[in-house]
Amino acid sequence: MPTSTAHRNRAACRHRSRPARPPIDDTRIREIMELAPPSHLLREFPASERAATTTYEARQAIHRVLHGADDRLLVVVGPVLDPRLRRGDRLRDAPVGANGASSPPTSSS
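Residues numbered from 1 in each chain as written. Predicted model: local features only at pLDDT ≥ 70, side-chain atom pairs only at ≥ 80, totals over all residues. Heavy atoms only, no water.

### Details of the overall build of the protein chain
Here is step 1: Check the secondary structure of the protein chain and you find 4 helices and 0 strands.
Here is step 2: Written out in order from the N terminus, the α and β elements of the protein chain read α-α-α-α.
Here is step 3: When burial is assessed residue by residue, the protein chain has 4% of its 109 residues classed as buried.
Here is step 4: Entry remark: accessible area of the protein chain is about 11,100 Å², with carbon and sulfur atoms responsible for 56%. (Helix = DSSP H or I, 4+ residues; strand = E, 2+ residues; numbered from the N terminus. Buried < 20%, exposed > 50% of the residue type's maximum accessible area, 1.4 Å probe, protein only. Areas by Shrake-Rupley, 256 points an atom, 1.4 Å probe, with all protein chains shown as cover.)

Structure below.
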């Protein structure tokens, strides 16, 4: 059965040793540690009454904003792992305007 030149070239390429490729996957991973599931953490470190109340009240306030029962603006910031990009401190320290809203932070770069 005759074969084409392209077919023979593909077959020959399969048998040649390939040059080693540089690693490109997971190059920044130093180690892998298994993390405890959230249920284990909650069992070992239960939330205090104060933490549970704060979480519940914050979630209720967010719910009211999202559903229009509260006319405040909800701003979600973070998490940002690079400390050069963190804006939380600037938002916290921003001067408060006459209407109670923080002034927009200015860029430090």
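### Observations regarding the pattern of salt bridges
Here is step 1: Under the criterion given, the structure shown has 1 salt bridge.
Here is step 2: Arg-72 is the salt-bridge partner of Asp-70, the closest N and O atoms lying 2.8 Å from each other. (Salt bridge = Lys/Arg side-chain N within 4 Å of Asp/Glu carboxyl O.)

### Considering unusual backbone geometry
Here is step 1: A positive phi angle is found at Asp-26, which is not glycine, with a value near 55 degrees.
Here is step 2: Overall, the relative accessible area of 60% leaves Asp-26 in the exposed class.

### Observations concerning the environment of Leu-74
Here is step 1: Locating Leu-74 in the fold gives a position in the loop between α3 (49–66) and α4 (88–93).
Here is step 2: Of the residues examined, Leu-74 reaches a relative accessible area of 35% and is grouped as partly exposed.
Here is step 3: For the pair formed by Leu-74 and Ile-62, sequence separation is 12 residues and the distance between their alpha carbons is 7.3 Å.
Here is step 4: In this structure, Leu-74 is in contact with Ile-62, Val-65 and Leu-66, ignoring residues within four places of it in sequence. (Contact = heavy atoms within 4.5 Å.)

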